[in-house]
Amino acid sequence: MLSALPLLGCGLGQGSPSPVSERNLSTAGALTGWASDDPGQAFASTFFSEVQAGYDNTCGVKTDGTLACWGEDSYGQSSPPAGSFTQVSAGNSHACGLDTAGAVSCWGNNSGGQATPPTGSFTQVSAGTSHTCGVKTDGTLACWGFNSYGESSPPAGTFTQVSAGMQHTCGVKTNGTVACWGLNFARQASPPVGTFTQVSAGYASTCGVRTNGTLACWGFAHAPGSPPTGTFTQVSVGGYHTCGLRQDGTVACWGANNDGQSSAPAGLFTQVSADGYHTCGLRQDGTVECWGNNFAGQTSPP
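Here goes a summary of the coordinates provided. Predicted model, so just to flag it, every value in this text is computed and none were measured.

Here we come to the overall build of the chain. For the chain, the count of helices and strands is zero helices and 21 strands. When burial is assessed residue by residue, the chain has 59% of its 302 residues classed as buried. Counting every atom, the chain has about 9,700 Å² of accessible surface; 53% of that belongs to carbon and sulfur.

See below:
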């Protein structure tokens, strides 16, 4: 989640690594964060290989494979399990990680079963607002948690990536087309035709990177706004803002900016992750910068 927000993580669910997903991994990264009330305040941290923003917390995979999460922990969403992991996804009030054996572990709010993953081997996992989806090693999808609008009822077929949003989900099929399911009141689950390399589902909007590198967004117009022109390698939809990684390594954000969540710093990055009211990016030198709201310490890594 949105990778996916007061509701999702995208994370995209929100949201970045095996198949193309809401993340692009670096081999090492020292995290630093900036609070929204003091953009110049830095927080030193240990080294990470991935970082993922949730609604009001953030999780990362350290270079030794262990997990670290910071920010809101009222449901235990910032208290990850021990073990060695290759990927993590932070949602609204729960998070999930993919361990080195391909099994999924989840922690945090489990009111709808969103933190109770099925057994089996996976290549990617995405935590949304109140549901979670993953790509199995055979390419088929599995989703669990709330299913009020069909957001946990994926279609048949094989996929390379999946992104769980607030109450809808989208995935990139092996033929490059995008399929979406779940709540569709703003047409957030009605993708355009064409082929894509990555997709990110948010609250009531979705964005994807086309195979030619351009962006396409659909759904609630206020959330993604108008995506910029140019070519991109990755996109991540947050609460009411969206950020994309350009092919030249710079980050562009658009949409709501009341907490500075769309004020991306200058410099070159390899990954960006937007959710709720904050954003984090992985620089090319392995350090991470976070910007936006810091009310729960979500931009202050340990």
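Back to the text.
With that settled, consider the state of the cysteines. Under the defined criterion, the tally for this structure stands at seven disulfides. Between the sulfur atoms of C96 and its disulfide partner C106 the distance amounts to 2.0 Å. With the S-S bond torsion at 105°, the cross-link from C96 to C106 turns out right-handed. Taken as a pair, C96 in strand β5 (residues 94-99) and C106 in strand β6 (residues 104-108) lie far apart in primary sequence, 10 residues in all.

A word on the side chain of S93. Tracing the backbone through its elements, the reader meets S93 in the loop between β4 (85-90) and β5. On the basis of relative accessible area, S93 is assigned to the buried category, the value being 6%.

What follows covers the sheet that holds strand β3 (residues 67-71). In spatial order, the strands read β1-β2-β3; together these three strands make up an open sheet with antiparallel pairing. Here the strands that pair on one side only, and so sit at the sheet edges, are β1 (48-53) and β3. For this sheet, the mean angle separating the axes of adjacent strands, direction not counted, is 20°. With five bridges connecting them, β1 and strand β2 (residues 57-62) associate as antiparallel partners. Directly across from A53, in β2, lies its bridge partner T58.

This paragraph deals with the packing of aromatic side chains. Under the counting rule described, the total for this entry stands at seven aromatic pairs. Ring plane angle 70° and centroid distance 6.0 Å describe the contact between F196 and W218, whose orientation is recorded as edge-to-face. Separated by 22 residues along the polypeptide, F196 in strand β13 (residues 196-201) and W218 in strand β15 (residues 215-219) bring together distant segments of the chain. We classify F196 as buried; its relative accessible area is 3%.

Here D248 is to be found in the loop between β17 (241-246) and β18 (251-255). Of the residues examined, D248 reaches a relative accessible area of 49% and is grouped as partly exposed. With 16 residues separating them along the chain, D248 and F232 place their C-alpha atoms 8.2 Å apart. Within the local environment of D248, its side chain forms a polar contact with the side chain of T250, the two groups lying 2.7 Å apart.

This part is about unusual backbone geometry. The phi angle at R187 is positive, at roughly 65°, despite the residue not being glycine. Tracing the chain through its elements places R187 in the loop between β12 (178-182) and β13.

Along the polypeptide, S152 turns up in the loop between β9 (141-145) and β10 (159-164). Residue class for S152 comes out buried when judged on its relative accessible area of 10%. A polar contact is formed between the side chain of S152 and the backbone oxygen of F146, at a distance of 2.8 Å. The contacts of S152, once residues within four sequence positions are left out, are H131, C143, W144, G145, F146 and N147.

Extensive coverage of β3 is indicated by the burial of four of its five residues. What sits between the antiparallel neighbours β2 and β3 is a turn of four residues, in which G65 has the positive phi angle 90°.

Below, the discussion takes up the pairing of strand β20 (residues 278-283). β20 sits mainly inside the fold: six of its six residues count as buried. Of the two faces of β20, both are covered, the one formed by H278, C280 and L282 as well as the one formed by T279, G281 and R283. Bridge count for strand β19 (residues 269-275) against β20 is six bridges, and the pairing is antiparallel. Looking at β20, one finds that Q271 is bridged to L282. One ladder, built from five bridges, connects β20 with strand β21 (residues 288-292); its direction is antiparallel. Considered in β21, the bridge of H278 is made with G292. Remark: four residues form the turn of the hairpin made by β20 and β21, two consecutive strands paired antiparallel; G286 in that turn has positive phi of roughly 95°.

What counts and how
- The residue numbering used here restarts from 1 in each chain and proceeds along that chain's sequence as written.
- Side-chain atom pairs in this predicted model are given and counted only at pLDDT of 80 or more, local residue features only at pLDDT of at least 70, and totals for whole chains, interfaces and linings cover all residues.
- Values shown for side chains rest on all heavy atoms present in the structure; no hydrogens or waters enter the calculation.
- What counts as a helix is a DSSP run of H or I of at least four residues, what counts as a strand is a run of E of at least two, and both are numbered from the N terminus.
- Exposure categories follow from relative accessible area, calculated using a 1.4 Å probe and restricted to protein chains: below 20% of the type maximum is buried, above 50% is exposed, and the middle band is partly exposed.
- Calculation of accessible area relied on Shrake-Rupley with a 1.4 Å probe; when residues are assessed, cover is drawn exclusively from the protein chains displayed.
- Two cysteine sulfurs form a disulfide in these notes if their separation is within 2.5 Å.
- For two strands to count as paired, DSSP must find a minimum of two bridges between them.
- Here an axis means a line fitted to C-alpha atoms, over the contact stretch when the element is a helix, while the angle between two N-to-C directions is reported on a 0 to 180 degree scale.
- Two rings from Phe, Tyr or Trp (for Trp, the six-membered ring) form a pair when their centres are within 6.5 Å of each other. A pair whose planes differ by under 30 degrees is stacked, one over 60 is edge-to-face, and the rest are tilted.
- Pairs of N or O atoms are called polar contacts if they sit within 3.5 Å, as long as, within protein, a hydrogen donor faces a hydrogen acceptor (for residues adjacent in sequence, only side-chain-to-side-chain pairs).
- What makes two residues a contact is simply this: any of their non-hydrogen atoms within 4.5 Å.

So, to be careful, I would describe these as geometric facts and stop short of saying anything about function.
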